Amino acid sequence: MFVGIDLGTSGLRALLIDEAQQVVAAKEASYDTTRPHAGWSEQAQSDWTDACITVFAELRAEAPAAVAAIRGIGVSGHMHGANLLDAAGTPLRPCMMWNDTRSVDQAAKLDATANVRDLSGNIVFPGFTAPKVAWVADNEADIFAKTAKVLLPKDYLNFWLTGVYASDMSDSAGTSWLDVGARDWSEDLLAASGMRRDQMPDLFEGSDAIGTVRSDIASLLGLPDDVVVAAGAGDNAAAACGIGALGEGDGFVSLGTSGVLLAGRDAYAPKPASAVHTFCHAIPDRWYQMGVILAATDCLNWLSRNLQESPADLTRALGDTISGPGKMRFLPYLSGERTPHNDADVRGAFIGLDIASGHQALTQAVLEGVTFALRDNLEALKSTGAKLDQVIAIGGGSQSPFWVELIATVLNLPIALPKDGEFGAALGAARLAICAATDADPVATMTRPDVATIIQPRSDLRDDYEAAYAAFRNSYSGIKALQS
């Protein structure tokens, strides 16, 4: 048996599978995010470990024999978070999350530093780890002075499990400290933000073993002795492992809290100016690129809260098929913008509100706005040489037939919907656990899921949506000017 843990933004999910990758059980536990100030986003590390304890107790209650047969654990997690630890491994402050944008000034300074983009392969976004730690140095000097190690979120959970300071290439690529082409920490990048190599964890490929679960934690979780822990992966790399998106032509669109359009790459091909992320994959000698929207289903959830109607009911009211773009326009920058504008300060907007506008019109505008932002991502990916012939849709938003057909049409790409089952980050993490514990070949292990259906673009509506997308794309500069 093998366990994949997905340390998500809103909760921790544990997936228990057997050696044939059949699901035995799955459990979840939620936790909160605090926002002490505008642009801040933090979580307590103890909430993650408490959630881990909870889900293993529930797994034991449902499948005690299976838990007793666990051989390996893999962890995926939300990227870019900053966990600052003292010499004893104790957190000095809550984790600064991926969607924490307080470090705008520090990010701009690092991004303007010579060779930073060249070595890291990426713009230094405010959400990345290095500028967050630079913010701590500027604003919480006493904490920075005590910092012995900096760990990413899933690496903190691995440290709790094993006592080992370790990270994988895919997660570390989002720090602005990794030479992404060389797959190693860069002394120059570390020095640019006042950091040292000894403050970094040891690096592994995601499919490598970093150690075994500590005996006291094994006893706490009800695990057998010598359970192997894989280095794991950042959440999007793990999701790519879960659906077999490992190389050229493979990709997915993820409609989760954030939105992601990801393309696998066989070689390192950065283009930082595009605001596309170019990261190491979780398996050796592979990379991936992605465009990112900071709020995807988050936009729908925001609308749901304010209209006091569930997201499912809002989308269901639109029907299952599209009929052309609405007259209202929505800019989905509720948490800022990443690809292609790299703008942490811009915020969302409705354009064209009418006195007759009701729930359906607002919902359609929100779905179209997120979809047009995904089209921005696709255009940025194309500029790097990435090629996608078809993508798999994952995440909660993929449950809306209307939204999936809209995305297929606006991206002009067939969208594959997997058959019912597990195929996301938790499965990818479990697959990494299989590789770490058994030396299985990653490519042979990380197969593509069976497809239930493929949604084709609506050629009869393509021109209408092209015109609507052009209007959306032109709206950013105007909204930015109004908000300045």
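Residues numbered from 1 in each chain as written. Predicted model: local features only at pLDDT ≥ 70, side-chain atom pairs only at ≥ 80, totals over all residues. Heavy atoms only, no water.

S.K.: Please explain the overall build of the protein chain as it appears in this structure.
M.R.: On a plain count of helices and strands, the protein chain comes out with 18 helices and 24 strands. Rg of the C-alpha trace for the protein chain: 21 Å, near the compact-globule value of 23 Å for 484 residues, within the 12% margin. Taken across its 484 residues, the protein chain has 58% of its residues classed as buried. The contacts in the protein chain between residues at least 6 apart in sequence include a share of 73% that link residues at least 24 apart. Accessible surface, the protein chain: about 17500 Å² in total, of which carbon and sulfur atoms supply 48%. Put simply, the protein chain has 36 plus and 59 minus side-chain charges, and the middle of one group is 4 Å from the middle of the other. (Helix = DSSP H or I, 4+ residues; strand = E, 2+ residues; numbered from the N terminus. Rg over C-alpha atoms; globule rule 2.2 N^0.38 Å. Buried < 20%, exposed > 50% of the residue type's maximum accessible area, 1.4 Å probe, protein only. Contact = heavy atoms within 4.5 Å. Areas by Shrake-Rupley, 256 points an atom, 1.4 Å probe, with all protein chains shown as cover. Lys, Arg positive; Asp, Glu negative; His and termini not counted. Charge placed at Lys NZ, Arg CZ, Asp CG, Glu CD.)

S.K.: What am I meant to see in the sheet that holds strand 17 (residues 259-265) here?
M.R.: Paired through backbone hydrogen bonds, the strands of a sheet run either parallel or antiparallel to each other. Strand order in the open sheet formed by seven strands is 18-19-17-16-22-23-24, and the pairing between neighbours is mixed. The sheet is open, and its two borders are formed by strand 18 (277-280) and strand 24 (451-455), each paired with just one other strand. When strand polarity is set aside, the average angle formed by the axes of neighbouring strands in this sheet is 25°. In terms of strand pairing, strand 23 (residues 415-418) meets strand 24 through four bridges, oriented antiparallel. By the bridge assignment for strand 24, A416 is matched with I454. Relative to strand 19 (residues 287-293), helix 14 (residues 359-383) is tilted by about 145°, and along the sheet it contacts strand 16 (251-255), strand 17 and strand 19. (Pairing = 2+ DSSP bridges. Axes fitted to C-alpha atoms, helices over the stretch in contact; angles between N-to-C directions.)

S.K.: Help me understand helix 15 (residues 401-411) in this model?
M.R.: An α-helical turn contains 3.6 residues, so a residue and the one three or four places further along point in the same direction. Among the eleven residues of helix 15, ten are classified as buried, and the element is accordingly described as predominantly covered. Those residues of helix 15 that fall on the buried side of the exposure criterion are F402, W403, V404, E405, L406, I407, A408, T409, V410 and L411. Following helix 15 by one or two positions, N412 has its phi on the positive side, about 55°.

S.K.: Would you mind going over the layout of surface pockets with me for this structure?
M.R.: To find leftover empty space, a probe the size of one water molecule is rolled over the atoms. In this structure, the largest pocket encloses a volume near 1300 Å³. Surrounding the largest pocket, 49 residues form its lining, D6, G8, T9, G256 and T257 being those nearest its centre. Counting only elements with at least two residues in the lining of the largest pocket, the list comes to strand 1 (2-7), strand 2 (11-17), strand 3 (23-30), helix 11 (235-243), strand 16, strand 19, helix 12 (297-307) and helix 16 (425-438). No other element matches helix 12, which puts four residues into the lining of the largest pocket. Here the lining of the largest pocket is composed, by residue class, of 16 nonpolar, 24 polar and nine charged. (1 Å grid on protein atoms, 1.4 Å probe; cavity = no way out; pocket = protein on both sides within 12 Å on 5 of 7 lines; lining within 4 Å. Points joined across faces, edges and corners; volume = space filled by probe spheres on them. Nonpolar A, V, L, I, M, F, W, Y, C, P; charged D, E, K, R; others polar.)

S.K.: Teacher, can you tell me more about unusual backbone geometry here?
M.R.: Leaving glycine out, the prevailing phi sign among residues is negative, and the prevailing peptide bond configuration is trans. Between T339 and the following residue, P340, the backbone shows a cis peptide bond with an omega angle of 10°. For P340, the position within the fold is in the loop between strand 20 (329-331) and strand 21 (349-351). The phi torsion at S176 lies on the positive side, around 75°, for a residue other than glycine. Of note, S176 is situated in the loop between helix 8 (169-172) and strand 10 (178-179). By relative accessible area, which is 4% here, S176 ends up buried. Although it is not a glycine, N412 sits at a positive phi angle of roughly 55°. The topology assignment puts N412 in the loop between helix 15 and strand 23. On the basis of relative accessibility, which here comes to 39%, the residue N412 falls in the partly exposed class.

S.K.: Sorry, what's going on with the packing of aromatic side chains here?
M.R.: Pairs of aromatic rings are described using the distance from one ring centre to the other and the angle between the two planes. Inspection of every chain in the model, using the stated rule, returns 14 aromatic pairs. Plain terms: the ring middles of W48 and Y156 are 6.2 Å apart, the flat faces sit at 65° to each other, and that makes the pair edge-to-face. Highlighted residues: W48 in helix 1 (residues 45-62) and Y156 in helix 7 (residues 153-162), separated in sequence by 108 residues. In this pair, the class of W48 matches that of Y156, namely buried. For the pair Y156 and F159, a centre-to-centre distance of 6.4 Å together with 55° between the ring planes defines the contact as tilted. Taken together, the residues Y156 and F159, both in helix 7 and three residues apart, mark about one turn of the helix. Of the residues examined, Y156 reaches a relative accessible area of 10% and is grouped as buried. Given the relative accessible area of 13%, F159 is considered buried. (Phe/Tyr/Trp six-rings, centres within 6.5 Å; stacked < 30°, edge-to-face > 60°.)

S.K.: What is the right way to read helix 11 from this model?
M.R.: The element helix 11 is extensively covered by neighbouring structure, given that eight of its nine residues are classed as buried. Of the positions making up helix 11, those classed as buried are N236, A237, A238, A239, A240, C241, G242 and I243. Just beyond helix 11, the residue with positive phi is G244, at close to 75°.

S.K.: Would you mind showing me how to read the pairing of strand 5 (residues 72-77) here?
M.R.: Sheet faces and side chains relate simply in a regular strand, where the side chains alternate between the two faces. Counting buried positions over the six residues of strand 5 gives six, a clear majority of the element. What you see with strand 5 is no split at all: G72, G74 and S76 on one side and I73, V75 and G77 on the other are buried throughout. Relative to strand 5, strand 1 runs parallel, the two sharing six bridges. Of the residues in strand 5, the one forming a bridge with G4 is G74.

S.K.: Mind showing me how you'd approach the nonpolar core here?
M.R.: The nonpolar side chains of a soluble globular protein tend to be buried with one another. By size, the foremost hydrophobic cluster in this structure holds 111 residues, and its most contacted members are I5, F56, I73 and L223. With ten residues, the single largest contributor to this core is helix 16. Not counting the four nearest positions on each side in its chain, F56 is found in contact with V3, I5, I70, I73, L221 and L223. With 53 residues, the next largest nonpolar core counts A263, V404, V410 and L413 among its residues. (Core = buried A, V, L, I, M, F, W, Y, C linked by side-chain atoms within 4.5 Å.)

Purely spatial values, then, with no claim about function.
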